[in-house]
Amino acid sequence: EIIEPYSDLLEKAEALEGIYHIINMLDKEGGCPSISAGSDGVSGTDYASVKDILGKVSLRSHTYRVVRHAIEMVKATYGDKPGQLPTIIVAALGHDLGMLPSYRIKEEHLSQEHPVISAAIVKDIFGIPHDDSVLNSPHAWLNMAVKMIHEHHQISSTAIVSLLREADGKAREDEIIQETGIYKNP
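None of the values given here were measured: they were computed from a predicted structure.

## Some remarks on the overall build of the chain
Part 1 of the argument: When helices and strands are counted, the chain shows nine helices and zero strands.
Part 2 of the argument: When the helices and strands of the chain are listed from N to C terminus, the series reads α-α-α-α-α-α-α-α-α.
Part 3 of the argument: Looking at the chain residue by residue over its 186 residues, the buried ones come to 47%.
Part 4 of the argument: When contacts within the chain are restricted to residue pairs at least 6 apart in sequence, those whose partners lie at least 24 apart make up 67%.
Part 5 of the argument: Accessible surface computed for the chain: about 9800 Å², of which carbon and sulfur atoms make up 51%.

In structure tokens, the structure reads:
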């Protein structure tokens, strides 16, 4: 539903295989909570008051909600120009992969924040080197997606990076409203 309308564009950008890989990961392990037990908060909220609510939202559900918001926001910001869609779709799908249980239990990841882990996972999926040579990659859109994932909890002066952070926040607002019963999904 969120990928198929853009499959031709994503295929041309050589993104479709990686996207399906991410979707498979979310299908396998994405039933886990969308917040981690050791999380120190969700930006813009009184975290203590919403952590129980957000703990009921699956990572898979949260991720797809972020993708929907991000696509809407890209279209509102950049119009129907397709150039930003591969970037935002990969970034939104990959932004919280570091919360998947198989990655949270790895010893080398215990001291790292989920955005760092998520960016590394996306680099691995798309075959991007983990060194500075990534800047010379022929797929600049993919480099931006990794940057967006890495910085999605930070305030950024880059509009496209801020867009993912805003889409994540809108998804969290929807989840809180939906889980508290104030909002009935049509």
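That was the structure; now back to the text.
## Quick notes on the environment of G169
Part 1 of the argument: With respect to the helices and strands, the residue G169 is situated in helix α9 (residues 159-179).
Part 2 of the argument: For the pair G169 and H153, spaced 16 residues apart in sequence, the C-alpha to C-alpha distance is 9.6 Å.

## Focus: unusual backbone geometry
Part 1 of the argument: Of note, the phi angle at E14 is positive, near 60 degrees, even though the residue is not glycine.
Part 2 of the argument: You can call E14 exposed: its relative accessible area is 56%.

## What about the environment of E166?
Part 1 of the argument: When you line up the elements, E166 lands in helix α9.
Part 2 of the argument: Its relative accessible area of 43% is what places E166 among the partly exposed residues.
Part 3 of the argument: Separated by 13 residues in the primary sequence, E166 and H153 place their C-alpha atoms 9.5 Å from one another.

## Here's the deal with the side chain of H69
Part 1 of the argument: For H69, the location among the structural elements is in helix α4 (residues 59-78).
Part 2 of the argument: Apart from the residues lying within four places of it in its own chain, the contact partners of H69 are A167, K170, A171 and D174.

## Description of α9
Along an α-helix, a turn takes 3.6 residues, which lines up residues three or four apart on a common side.
Part 1 of the argument: Taking 1.5 Å per residue as the helical rise, α9 with its 21 residues ought to reach 30 Å, and the 30 Å between its terminal C-alpha atoms agrees with that figure.
Part 2 of the argument: Of the residues making up α9, those classed as buried are I160, V161, S162, L163, L164, A167, D168, A171, R172, E175 and I176.
Part 3 of the argument: Just downstream of α9, G181 is the residue with a positive phi angle, here 85 degrees.

## What to know about the nonpolar core
Soluble globular proteins tend to bury their nonpolar side chains together.
Part 1 of the argument: Judged by nonpolar contacts, the single largest core of 50 residues is most densely connected at I3, I19, I88, I89, V90, L93 and F126.
Part 2 of the argument: Of all elements in the fold, only α2 (16-29), α4, α5 (85-94), α7 (114-126), α8 (140-150) and α9 reach the threshold of two or more residues within this core.
Part 3 of the argument: When residues of this core are assigned to their parent elements, the largest contribution, eight residues, is made by α4.
Part 4 of the argument: Those residues in contact with I89 that sit more than four places away from it in its chain are I3, Y6, L10, I19 and I71.
Part 5 of the argument: Membership of the second largest hydrophobic core comes to five residues, among which are I35, I53, L54 and I176.

What counts and how
Residues numbered from 1 in each chain as written. Predicted model: local features only at pLDDT ≥ 70, side-chain atom pairs only at ≥ 80, totals over all residues. Heavy atoms only, no water. Helix = DSSP H or I, 4+ residues; strand = E, 2+ residues; numbered from the N terminus. Buried < 20%, exposed > 50% of the residue type's maximum accessible area, 1.4 Å probe, protein only. Contact = heavy atoms within 4.5 Å. Areas by Shrake-Rupley, 256 points an atom, 1.4 Å probe, with all protein chains shown as cover. Expected span 1.5 Å × (residues − 1). Core = buried A, V, L, I, M, F, W, Y, C linked by side-chain atoms within 4.5 Å.

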